[in-house]
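Structural overview for review
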Amino acid sequence: MKEIKEIIKAFDTAVQAGEQVALATVVRVDGSSYRRPGARMLVTENGALTGAISGGCLEGDALRKAQLVIFQKKSMLVTYDTTDDDDAKFGVGLGCNGIIHVLIEPIDPEQENHPVTLLKKCLEDREDKVLVTLFDIDNKRSEQKGTCLLYRNVKGEFTGTERHYGPWLTSIEKDIHEVLASKKSLITSYQQPQTIYAFIESVQAPVTLIIAGAGNDVIPLAKLTQVMGWDTIIVDGRADHATRHRFPHAEDILVGKAEELVPLLRQDSRTAVVLMTHNFNYDLTILKGLLPLQIPYLGVLGPKKKLEKMIENLEKENIHLSEANRENIFGPVGLNIGAEAPEEIALSIVAEIKAVLSGEKGTFLKEKPGPIHDEERKRITDESNEFKKSLQGN
């Protein structure tokens, strides 16, 4: 989501300067690559880049092709085969061992519902959305239908360029609901009225981190979440600590008694909370108020005995933690990386939150059997095999 925000900002700046732009999007990967489907890069006619589609290997070539797209005002699909041993054709050693399909689209600010407009609509609220991008692998250099449809789940509303997605809408709608349910993007293909590939992308809101505490040890945590592109809310009872000067990038700063602030805290599936005021009663009141909300991650700074004591206090008030509550409370907070300094503790907290919200365990990647992205690749591979079988059957 941070990348999308930066692309939108760069787009608005380019439009104000009268510059033409193109949007490059990774729409499919077979095998391994540094960036996965959904990675984006905005390119201006003068060569400015915002975002990234690789670790730096493909950007130079993509820049040249994007400038051609801008000049011709015609989208194209570019395929980079990094499984080829002859990496010299890109001028670097890629080492990704994958085939990367990148859609490059010219953006016309005057066009209704152009791709960047759809990206902007993704930021309008915190509800789950699905973004649909259509591309034609068999005719890469022909004009692509591109990023053409956004579905907003709460409103049940489609927004986009109907002449591009219309013939496949019934099939697309079915897959949209599958993506909403799984919260995982899907790459598929439709054969009628002609073959088209679709990247059906799950777009979730940025993580919101509520930090109860405004001490000096919170400052590096707030800085790191800003780098991550998370929305950070600072909650504390000390007006001299919870200030804009100390937390310039916080989305909001709330000062007051814990019982007064709890009703003001928003909650959804992308919200995490860390209790680190170093005030036992303040943290306990926040914990007590948030328990009914089923926050997906609630971290408690301090030794395990502190959390145990908090739970004992709640039970004395006849407040008993459910199994779901216990699974979502992390105390001591953070992954075990040997953190000591505040900056290291901040890193361990952010890493743990990311792991939990992604449904991962935070283990060493070298201990994971198979490729890093094996689950996504399997879905793509299965889809490709089904398509090949259908062709053979015809």
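Residues numbered from 1 in each chain as written. Predicted model: local features only at pLDDT ≥ 70, side-chain atom pairs only at ≥ 80, totals over all residues. Heavy atoms only, no water.

**Brief notes about the UniProt feature "domain: XdhC Rossmann" (unreviewed entry) in the protein**
In plain terms, the rule: UniProt positions are given in the numbering used here, feature names are shortened, and annotations may be inferred rather than shown by experiment. Every helix listed is a DSSP run of H or I at least four residues long, and every strand listed is a run of E at least two residues long, numbered separately from the N terminus.
Feature annotation in UniProt places "domain: XdhC Rossmann" (unreviewed entry) on residues 209–353, given in this structure's numbering. In the segment residues 209–353, helix accounts for 39% and strand for 17%; the C-alpha atoms at its two ends are 9 Å apart.

**Regarding the sheet that holds strand β3 (residues 49–51)**
Note the cut-off: Whether two strands pair depends on DSSP finding at least two bridges between them. Axes here mean lines fitted to C-alpha atoms, for a helix over just the part in contact, with angles spanning 0 to 180 degrees between N-to-C directions. In what follows, residue pairs with any heavy atoms lying within 4.5 Å of each other are defined as contacts.
Strands sit in the order β3-β2-β1-β5-β4 across an open sheet of five strands; the sheet is antiparallel. Across the chains shown, the open sheet's two edge strands, defined by having one partner strand only, are β3 and β4 (76–81). Averaged over neighbouring strand pairs, the angle between their axes works out to 25° when direction is ignored. Relative to strand β5 (residues 98–107), strand β1 (residues 21–31) runs antiparallel, the two being bridged by ten bridges. Within β5, the position partnered with D30 by the bridge is I99. Packed on one face of the sheet, helix α1 (residues 2–16) meets β1, β2 (40–44), β3 and β5 and runs near 15° to β2.

**A closer look at the confidence of the model for the protein**
Applicable threshold: A residue's pLDDT is the confidence the predictor assigns to it, expressed on a 0 to 100 scale.
Across the protein, pLDDT averages 89, with 90% of residues at or above 70. In the predicted structure, residues 374–384 sits below a pLDDT of 50 and forms 20 contacts with residues beyond four places in sequence or in another chain. With pLDDT under 50 throughout, residues 387–394 is counted as low confidence; its partners more than four residues away or in other chains account for four contacts.

**Topic: the pattern of salt bridges**
Applied cut-off: Salt bridge, as used here, is a side-chain nitrogen of Lys or Arg placed within 4 Å of a carboxyl oxygen of Asp or Glu.
Counted by the stated rule, this structure contains 19 salt bridges. With its nearest N and O atoms 3.7 Å apart, the salt bridge here joins R64 to D61. One end of the pair, R64, and the other, D61, are both in helix α2 (residues 59–72), three residues apart, so they sit about a helical turn from each other. Two residues, E157 and R152, come together in a salt bridge whose shortest N-O distance is 2.3 Å.

**Side note on helix α3 (residues 115–122)**
Selection criterion: Accessible area is worked out with a 1.4 Å probe on protein chains only. A residue is then buried under 20% of its type maximum, exposed over 50%, and partly exposed in between.
Of all eight residues in α3, six are buried, a share of seventy percent or more. Of all the positions in α3, only P115, V116, L118, L119, K121 and C122 are classed as buried.

**Describing empty space enclosed by the protein**
As a reminder, the rule being used: Cavity and pocket criteria rest on a 1 Å grid covering protein atoms alone: a 1.4 Å probe that fits but cannot get out defines a cavity, protein on both sides within 12 Å along at least 5 of 7 lines defines an open pocket, and an atom within 4 Å of a point defines a lining residue. Grid points are joined across faces, edges and corners, and a volume is the space filled by probe spheres set on the points. When residues are sorted by character, Ala, Val, Leu, Ile, Met, Phe, Trp, Tyr, Cys and Pro go into the nonpolar class, Asp, Glu, Lys and Arg into the charged class, and all the rest, Gly among them, into the polar class.
Following the criterion strictly, the structure yields two cavities of 30 Å³ or more and no others. One number sums up the size of the largest cavity: a volume of about 50 Å³. For the largest cavity, the full set of lining residues is L290, L291, Q294, I295, L298, A324, N325, N328 and I329. Ranked by the residues each element gives to the lining of the largest cavity, the list is headed by helix α10 (residues 323–328), at three residues. Broken down by class, the residue content of the lining of the largest cavity amounts to six nonpolar, three polar and no charged.

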